[in-house]
Amino acid sequence: MATGRTHRPATRSRGIPEATVARLPLYLRALTALSERSVPTVSSEELAAAAGVNSAKLRKDFSYLGSYGTRGVGYDVEYLVYQISRELGLTQDWPIVMVGIGNLGAALANYGGFASRGFRVAALIDADPAMTGKSVAGMAVQHADELEKIIDTNGVSIGVIATPAGAAQQVCDRLVAAGVTSILNFAPTVLVVPDGVDVRKVDLSIELQILAFHEQRKAGEGQESETETESAAGTENAETVEAETAVAPKQNRKGPDGDVPAVMPA
């Protein structure tokens, strides 16, 4: 089986836009779920809904893969799984190293989805001597001094950084110098890398802050709606009083000698 160091995905050479590449894993996840339920075909509308995109965008994305589906039938699920997996480079073995085996790193190491998606955790690495030799997710943690040797021995081209922010750039520099060309960064800091090195950043605190923004906006919209309702009710009451006041002068009151004008002459 080919390793990550000997072969790169063909997406860039085929001119597939980065936005499309970012959506391919969403399609693959939805298709894999359909495949597990033995669903043979799926329409663009159904697949788009499952992936959280609109069907026109999905059809455009698939056109870059040379897959157009069959009118009245839809897309062949198993073929699309293979096609997208091939484009993403998941039909081969991608050894990865994970650096920083604290709480987050240990949780990532125990994630069971790597192997089923074409990724093999080649090593778990930590700078703390107390961690060396400890078993995490069935693997012995190795010391950071062995990083370059591990990368070379396993042909690693993808690294995962789960260290504290202060150590992340140094770890990144060592990974790059050792030949790693793709990095998944969980450290809460921005990494500086040379051209030719791809970095994907995952920052849970930023995602939570974005959610907090939306929650605040929704709460604000609710308050505005209540204020508008109260304002509308007040305006309606004022209009009613004004209307009644406007009508009142036109009404005559009865007196003992007949009609009495509402306003008596001086």
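Residues numbered from 1 in each chain as written. Predicted model: local features only at pLDDT ≥ 70, side-chain atom pairs only at ≥ 80, totals over all residues. Heavy atoms only, no water.

Novice: Would you mind going over the confidence of the model for the protein with me for this structure?
Specialist: Reading predicted coordinates in detail is not appropriate for stretches of low pLDDT. When pLDDT is averaged across the protein, the result is 83; 79% of the residues are at 70 or more. Below pLDDT 50 for its whole length, residues 5-13 participates in 22 contacts with residues either more than four positions away or in separate chains. The low-confidence segment residues 245-266 (pLDDT under 50) makes 13 contacts with residues lying over four places distant or belonging to another chain. (pLDDT = per-residue confidence, 0-100. Contact = heavy atoms within 4.5 Å.)

Novice: Explanation requested: helix α4 (residues 77-87) in the structure shown.
Specialist: Helical geometry: 3.6 residues make up each α-helical turn, so side chains three or four residues apart lie on a common side. Turning to α4, its buried residues are Val-77, Leu-80, Val-81, Gln-83, Ile-84, Ser-85 and Glu-87. Taking the backbone nitrogen of Glu-78 as reference, a side-chain oxygen 3.2 Å away marks Asp-76 as the first, capping residue of α4. Once α4 ends, the next one or two residues include Gly-89, with phi positive near 80 degrees. (Buried < 20%, exposed > 50% of the residue type's maximum accessible area, 1.4 Å probe, protein only. Helix = DSSP H or I, 4+ residues; strand = E, 2+ residues; numbered from the N terminus. Polar contact = N/O pair within 3.5 Å; in protein donor to acceptor, adjacent residues only side chain to side chain.)

Novice: Sorry, what's going on with the side chain of Asp-61 here?
Specialist: Turning to its location among the elements, Asp-61 is positioned in helix α3 (residues 55-64). We classify Asp-61 as buried; its relative accessible area is 1%. Side chain to side chain, Asp-61 and Tyr-27 meet in a polar contact 2.6 Å long. The contacts of Asp-61, once residues within four sequence positions are left out, are Thr-20, Arg-23 and Tyr-27.

Novice: Quick question: what am I supposed to make of the environment of Leu-26 here?
Specialist: Within the fold, Leu-26 resides in helix α1 (residues 18-36). Taking C-alpha positions, Leu-26 is 9.2 Å from Val-53, a pair spaced 27 residues apart along the chain.

Novice: Any chance you could explain helix α2 (residues 44-51) here in plain terms?
Specialist: Turning to α2, its buried residues are Ser-44, Leu-47, Ala-48 and Ala-51. For α2, the buried positions fall inside an angular range of 100 degrees around the axis, keeping them on one side. Counted as exposed and oriented over 90 degrees from the buried face of α2: Glu-46, Ala-49 and Ala-50. Elements that come into contact with the buried residues of α2 comprise α1, β1 (41-42), α3, β2 (75-76) and α4. (Arc of directions from axis to C-beta.)

Novice: Please explain the packing of aromatic side chains as it appears in this structure.
Specialist: Any two aromatic rings considered together are summarised by their centre-to-centre distance and by the angle between their planes. Taken as a whole and assessed by the stated rule, the structure comprises three aromatic pairs. Ring geometry for Phe-62 and Tyr-75: centres 5.1 Å apart, planes at 85 degrees, overall edge-to-face. Here Phe-62, found in helix α3, pairs with Tyr-75, found in strand β2; they are 13 residues apart in sequence, far enough to count as distant. Take Phe-62: its relative accessible area is 0%, and that puts it in the buried class. Residue classification places Tyr-75 among the buried positions, given a relative accessible area of 5%. Ring-pair connections join several aromatic residues into one group, and the members of that group are Tyr-27, Phe-62 and Tyr-75. (Phe/Tyr/Trp six-rings, centres within 6.5 Å; stacked < 30°, edge-to-face > 60°.)

Novice: When you look at the pattern of salt bridges in this model, what are you seeing that I'm missing?
Specialist: One side chain can pair with another of opposite charge once the charged atoms of both are near each other. Applying the stated criterion across every chain, the model contains six salt bridges. Arg-174 serves as the salt-bridge partner of Glu-148, at 2.9 Å between the closest nitrogen and oxygen. One end of the pair, Glu-148, is in helix α7 (residues 147-154); the other, Arg-174, is in helix α8 (residues 165-177), and 26 residues separate them in sequence. Of the residues examined, Arg-174 reaches a relative accessible area of 25% and is grouped as partly exposed. For Lys-201, the salt bridge identified is with Asp-203, shortest N-O distance 3.6 Å. (Salt bridge = Lys/Arg side-chain N within 4 Å of Asp/Glu carboxyl O.)

Novice: What is the right way to read the sheet that holds strand β3 (residues 94-99) from this model?
Specialist: Neighbouring strands of a sheet are bound in pairs by backbone hydrogen bonds; such pairs are parallel or else antiparallel. Strands sit in the order β7-β4-β3-β8-β9-β10 across an open sheet of six strands; the sheet is parallel. Of all strands in the sheet, those bounded by a partner on one side alone are β7 (142-143) and β10 (198-201). Across six bridges, β3 lies against strand β4 (residues 119-126) in parallel orientation. Across the sheet, the residue bridging to Met-98 is Leu-124, located in β4. Relative to the sheet, α7 contacts β3, β4 and β7, its axis offset from that of β4 by approximately 165 degrees. Here α8 sits on the sheet and contacts β3, β8 (158-161) and β9 (182-185); the angle it forms with β8, its principal contact strand, is near 170 degrees. (Pairing = 2+ DSSP bridges. Axes fitted to C-alpha atoms, helices over the stretch in contact; angles between N-to-C directions.)

Novice: It is not clear to me how unusual backbone geometry should be interpreted in this structure. Could you clarify?
Specialist: Of note, the phi angle at Ser-38 is positive, near 60 degrees, even though the residue is not glycine. With respect to the helices and strands, the residue Ser-38 is situated in the loop between α1 and β1. Residue Ser-38 is classed as exposed on the basis of its relative accessible area of 63%. Although it is not a glycine, Ala-137 sits at a positive phi angle of roughly 55 degrees. By the secondary structure assignment, Ala-137 is in the loop between β5 (135-136) and β6 (139-140).

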